[in-house]
Protein chains: 2
Amino acid sequence: MSKPTPLSGYPEFLPAERAVEREVIARLARTFELHGYANIETRAVEPLERLSKGGEIDKELYVLRRLHADDQGGDAGLGLHFDLTVPFARYVLEHAGQLEFPFRRYQVQPAWRGERPQEGRYRQFTQMDIDVVGKDELPFHFDVEVVRVMVEALGTLSLPPLSFQLNNRKLIQGFYRGLGVPDVTAAIRAIDKLDKQSPESVAELLVSNAGATPEQAQTCLTLAEIRVSDTSFVERVRSLGVQDDLLETGLAELAAVVEGCATAVSGNQGQVTVEANLRIARGLDYYTGTVVEIFMAGYERLKSVGAGGRYDALASDGRTTYPGVGVSFGVSRTLVPLIAEGVLRGSRPVPSAVLVALADEDSRASAQEVADRLRRRGIPTEVAASPQKFGKQIRYAERRGIPYVWFEQPDGGHEVKDIRSGDQGAADPDAWTPPAEDLHQTIVSNTRENQ
Amino acid sequence: MSKPTPLSGYPEFLPAERAVEREVIARLARTFELHGYANIETRAVEPLERLSKGGEIDKELYVLRRLHADDQGGDAGLGLHFDLTVPFARYVLEHAGQLEFPFRRYQVQPAWRGERPQEGRYRQFTQMDIDVVGKDELPFHFDVEVVRVMVEALGTLSLPPLSFQLNNRKLIQGFYRGLGVPDVTAAIRAIDKLDKQSPESVAELLVSNAGATPEQAQTCLTLAEIRVSDTSFVERVRSLGVQDDLLETGLAELAAVVEGCATAVSGNQGQVTVEANLRIARGLDYYTGTVVEIFMAGYERLKSVGAGGRYDALASDGRTTYPGVGVSFGVSRTLVPLIAEGVLRGSRPVPSAVLVALADEDSRASAQEVADRLRRRGIPTEVAASPQKFGKQIRYAERRGIPYVWFEQPDGGHEVKDIRSGDQGAADPDAWTPPAEDLHQTIVSNTRENQ
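Residues numbered from 1 in each chain as written. Chains lettered and ligands numbered in written order. Predicted model: local features only at pLDDT ≥ 70, side-chain atom pairs only at ≥ 80, totals over all residues. Heavy atoms only, no water.

- An unreviewed UniProt entry lists chain A under the name Histidine--tRNA ligase, with Nocardioides agariphilus as the source organism.
- Under the UniProt heading Sequence similarities (unreviewed entry), the entry covering chain A gives this text: "Belongs to the class-II aminoacyl-tRNA synthetase family."
- Taken from UniProt, the Catalytic activity (unreviewed entry) comment for chain A reads in full: "tRNA(His) + L-histidine + ATP = L-histidyl-tRNA(His) + AMP + diphosphate + H(+)". (UniProt positions renumbered as here; feature names shortened; annotations may be inferred.)

So this is what it looks like as structure tokens:
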């Protein structure tokens, strides 16, 4: 069979790159678990009717067919999930009787979309989502928690600076209603175009589609311009003179989320910041309160690298409704470009911290015994593949980024060489330990120097 | 939307069950990494021609189709992988220029097969594979290593006893050849049926299909009956009087693998045993030397829970051949039945070790602060969802298996209650630590009591 060519839209990592992805996922998982979020995995397929959006099935969906299927039985009508929210909602409904609510979960899995592949958009991509879902009700304080936990989690990574842009659907809906804009939904849809169109053309849309007067349109644009990193937006919105109960609820909720993130933000030294940005609308999705989009400095071309919000009906079986709030982080969307550009790289392609050199093939058993003594104390170790000249064995280690080479001496003693410095000295296989930074594969980040 | 019904062949775990799977995967990964195996992940799809077996595409394969695809471009001719070996072979060919050989890797991902669902056989299932692949050549000692590493790794789990059944294709091929059986391949195919058919009918097959004399057939059956846990099989085979160079190589290799596993076996107190079992043939696959199947005591109905062996041409691009040796462990095949029967269960469905109780909603901020102080020291903690009566909050913790409830006292002091024993005492949020066994979700195993 010939050499395969890469498949567009299906990025794959080399071993050292995969180590970066694994470490990113491990750090996020650690924070999520410290906050009580349980991991689940859902199957890759869902019935097509679950994958439809408002009754319409997206043409970017991948449908499964069993080759030479002799029946249209169990396999008919299944597609690959395109996000982790749809399968999570189905999981909640299917297993509701065996879950405790409020239910905190995180999930890290691939999803599939038949999009035209481009940077940051792939046909298979990994997402990492956290959500809290309640039964019948879910107190607002979970909105604060979920955003705060994601801020804290992303603050443990060495990514370029991330910015959480927050808004609240109640705030903008209440504002438009209080202002007297006839079609609030059309107004949201128009404002959502501000990242692609000029304020003037959005103002025209507000007039033509939402039925606003030119003055109302201008006030809507003024609202959308408010972007601050504290709760001062409350006074700025009030100064626009619009009165509405829903607006007041939205202002209070957004202020609570911004304030609730303050300690998490101050703890991460500018790695992650939080802003109230009143033009964030998140389209016409199912969001009903808090909305958030996450952007990465220098990578605005990727659009958001994460997003989420509050949905009062994440799932419903007709009798019971399950409200939820969650944030999704695009692992592939973020890491594939950062790794391709060398912003993040893995310290080495192998887990091994030590290579035990071989004097000859007969000493493999004793080399293996040395390796086992090191492994017993948690030191990843491999034995040389063949008893080449020691210089070649050292280069074998070098090519793999293995920092230490271990030599058994003819007199039964042991020596270990740091092949970076060349330092070599006596070592006891039951006591010697490499420095912590050499023990495991780690992420090497160039983001800090670049700024 | 109505309550969804489970999809046959796509098992999903509840949160506490998923914790078992995660811990099993983590323990295996830890051993693999201690031996220098690097983790990779491959995309879920492969071109159909890569998924074909000997030119024939299996009808159990799932093919992808983009719904409403307006072109047959990049999406045409892709299927979901049915194991992790085919995508690994393709990965090796595609990235060969950027890999260092011999290349040790492990991989844990789902695979898909359109089989009729039954216990141990699923349409989506997770496998965990280790392989070593060389470029042009791969020394035999990697056969010993790979089996030994899998023995060691599976010995860290609390499964019912596992038995590695080992053989060597050179041994049986050489034996049949030396014996003078005309069609060696047909003989292997006949012997492979011994687990389904009587020795008498297999003997008939050896005569009718492989052209053996009745005496030769009987000698083949005598070989197949040899099953020992040490290297005494060498003398027993030699006593059958067959002379062949390939047989000798096979005997030496099998003896080396059995001997090489001895220390790993003695270290795990009977959790995993190793036997030479000369009826193991692994069908007509691509195996060329070492073959292994793994069985679980009391679960023989699942057939093997793992398998593997040596293949002299794992991959080839026409110019370069990549020999490999590997073992695959069926994570879903093993865990789904064990969890369903309660042999393994998770200690609790949530990561949280502590629930901080709430006296009233106004104390949420200070409760959150206590939780953060505990989390800073690695203690998974959640704050109560609502300020119910303390008895209700304790039952909230109980239902989630959270062992400790934390109370802020009106005088500013702190107390923590072990809700299992009822013991309650003063505690410092910057110093108190639960016992190690309570800190994280763990596996509770009933296998030892059951035996």
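There is more to say, and it comes next.
**With respect to the overall build of chain A**
Line of reasoning, step 1. Regarding its fold elements, chain A presents 16 helices and 19 strands.
Line of reasoning, step 2. C-alpha extents for chain A along the principal axes are approximately 90 × 60 × 45 Å.
Line of reasoning, step 3. Counting only residues that meet the buried cut, chain A has 60% of its 451 residues in that class.
Line of reasoning, step 4. Considering only intrachain contacts with a sequence separation of at least 6, the fraction spanning at least 24 residues in chain A is 69%.
Line of reasoning, step 5. Each charge class in chain A was averaged separately, 51 positive and 64 negative side chains, and the resulting centres sit 4 Å apart. (Helix = DSSP H or I, 4+ residues; strand = E, 2+ residues; numbered from the N terminus. Buried < 20%, exposed > 50% of the residue type's maximum accessible area, 1.4 Å probe, protein only. Contact = heavy atoms within 4.5 Å. Lys, Arg positive; Asp, Glu negative; His and termini not counted. Charge placed at Lys NZ, Arg CZ, Asp CG, Glu CD.)

**Some thoughts on a positive patch on the surface**
Line of reasoning, step 1. Together, Arg189, Lys193, Lys196 and Lys303 of chain A make up a positively charged patch on the protein surface.
Line of reasoning, step 2. Inspection of the secondary structure assignment puts Lys303 of chain A in the loop between strand E10 (290-296) and strand E11 (306-316). (Patch = residues over 30% accessible without salt bridge, like charges linked within 9 Å, V, L, I, M, F, W, Y side chains within 5 Å. Areas by Shrake-Rupley, 256 points an atom, 1.4 Å probe, with all protein chains shown as cover. Salt bridge = Lys/Arg side-chain N within 4 Å of Asp/Glu carboxyl O.)

**Observations regarding the UniProt feature "binding site: L-histidine" (unreviewed entry) in chain A**
All names here are of chain A.
Line of reasoning, step 1. Taking the UniProt record as the reference, the feature "binding site: L-histidine" (unreviewed entry) is found at Asp83, Leu84, Thr85, Arg113, Gln127, Asp131, Arg282, Tyr286 and Tyr287.
Line of reasoning, step 2. Position of Asp83 among the secondary structure elements: in the loop between strand E4 (78-80) and helix H3 (85-95).
Line of reasoning, step 3. With residues near it in sequence (within four places) discarded, Asp83 still touches Ala111, Arg113, Gln127 and Tyr286.
Line of reasoning, step 4. At 3.1 Å, the side chain of Asp83 and the backbone nitrogen of Thr85 are in polar contact. (Polar contact = N/O pair within 3.5 Å; in protein donor to acceptor, adjacent residues only side chain to side chain.)

**A look at the environment of Pro323 of chain A**
Residue and element names in this part refer to chain A.
Line of reasoning, step 1. Of note, Pro323 is situated in strand E12 (residues 321-330).
Line of reasoning, step 2. Residue Pro323 is classed as buried on the basis of its relative accessible area of 4%.
Line of reasoning, step 3. Spatially, the C-alpha atom of Pro323 lies 37 Å from that of Glu215, the residues being 108 residues apart in sequence.
Line of reasoning, step 4. If near-sequence neighbours (up to four positions away) are discounted, Pro323 is found in contact with Val132, Val133, Gly134, Lys135, Asp136, Glu137, Leu138, Tyr311, Asp312, Ala313 and Leu314.

**Considerations on the sheet that holds strand E1 (residues 38-39) of chain A**
Residues and elements named next belong to chain A.
Line of reasoning, step 1. One open sheet holds the nine strands; their spatial order is E1-E5-E6-E12-E11-E10-E7-E9-E8, and the pairing between them is mixed. The sheet is open, and its two borders are formed by E1 and strand E8 (227-228), each paired with just one other strand.
Line of reasoning, step 2. Pairing of E10 with E11 involves four bridges; the strand directions are antiparallel. Note that in E11 the partner of Val291 across the bridge is Gly309.
Line of reasoning, step 3. Most of the contacts of helix H1 (residues 15-34) go to strand E6 (residues 124-133), to which it runs at about 5°, and overall it touches strand E5 (103-112), E6 and E12.
Line of reasoning, step 4. Along the sheet, H3 makes contact with E5, E6, E11 and E12, crossing E11 at roughly 30°. (Pairing = 2+ DSSP bridges. Axes fitted to C-alpha atoms, helices over the stretch in contact; angles between N-to-C directions.)

**Looking at the interface of chain A and chain B**
Line of reasoning, step 1. Taken together, the 90 residues of chain A in the interface contact 90 residues of chain B.
Line of reasoning, step 2. Between chain A and chain B lies a buried interface of about 8000 Å² when both sides are counted; carbon and sulfur atoms form 52% of it.
Line of reasoning, step 3. Along the contact surface separating chain A from chain B lie 12 salt bridges.
Line of reasoning, step 4. Among the ionic pairs, Glu41 of chain B bridges to Arg18 of chain A, the shortest N-O distance being 3.2 Å.
Line of reasoning, step 5. Run the count over chain A and chain B and you get 44 residue pairs in polar contact (both at pLDDT 80 or more). (Buried area = accessible area lost by both parts, 1.4 Å probe.)

**Structural notes on the pairing of strand E3 (residues 62-66) of chain B**
Line of reasoning, step 1. Of all five residues in E3 of chain B, four are buried, a share of seventy percent or more.
Line of reasoning, step 2. The pairing of strand E3 (residues 62-66) of chain A with E3 of chain B spans five bridges and is antiparallel. When the bridges of E3 of chain B are listed, Val63 of chain A appears paired with Arg65 of chain B.

**Quick notes on the domain arrangement of chain A**
Line of reasoning, step 1. Along its sequence, chain A is carved into domain 1 (15-44 + 81-340) and domain 2 (354-445).
Line of reasoning, step 2. The straight-line distance from the C-alpha centre of domain 1 of chain A to that of domain 2 of chain A is 48 Å. (Domains from an automatic or database assignment.)

**Regarding the packing of helix H5 (residues 169-179) of chain B against helix H6 (residues 184-191) of chain B**
All names here are of chain B.
Line of reasoning, step 1. In contact at an axis separation of 9 Å, H5 and H6 are set at 120° when each is read in the N-to-C sense. One way to sum up the angle between H5 and H6 is to call them oblique. At the point where H5 passes H6, the crossing takes the right-handed sense. Packed against H5, whose contacting residues are Arg169, Gln173, Tyr176 and Arg177, the element H6 presents Val184, Ala187, Ile188 and Ile191 at the interface.
Line of reasoning, step 2. Here the residues of the contact of H5 with H6 sort into five nonpolar, one polar and two charged. (Parallel < 35°, antiparallel > 145°, perpendicular 65-115°, else oblique. Left-handed = near helix turned anticlockwise from the far one by under 90°. Nonpolar A, V, L, I, M, F, W, Y, C, P; charged D, E, K, R; others polar.)

**Digging into the packing of helix H5 (residues 169-179) of chain A against helix H10 (residues 245-260) of chain A**
Residues and elements named next belong to chain A.
Line of reasoning, step 1. Between H5 and H10, the shortest axis-to-axis distance is 7 Å and the interhelical angle comes to 150°. Classed by the angle they form, the pair H5 and H10 counts as roughly antiparallel. Here H5 and H10 pass one another in a crossing that is left-handed. Contact residues: H5 offers Lys170, Leu171, Gln173, Gly174, Phe175 and Arg177, while H10 offers Leu246, Leu247, Thr249, Gly250, Leu251, Glu253 and Leu254.

**As for helix H7 (residues 199-208) of chain B**
All names here are of chain B.
Line of reasoning, step 1. Along H7, the residues classified as buried are Val202, Ala203, Leu205 and Leu206. Down the axis of H7, the buried side of the element spans an arc of 160°, and every buried residue falls inside it. For H7, the exposed residues lying more than 90 degrees away from the buried face are Glu200, Glu204 and Ser208.
Line of reasoning, step 2. On the buried face of H7, the contacting elements are H6 and helix H8 (214-224). (Arc of directions from axis to C-beta.)

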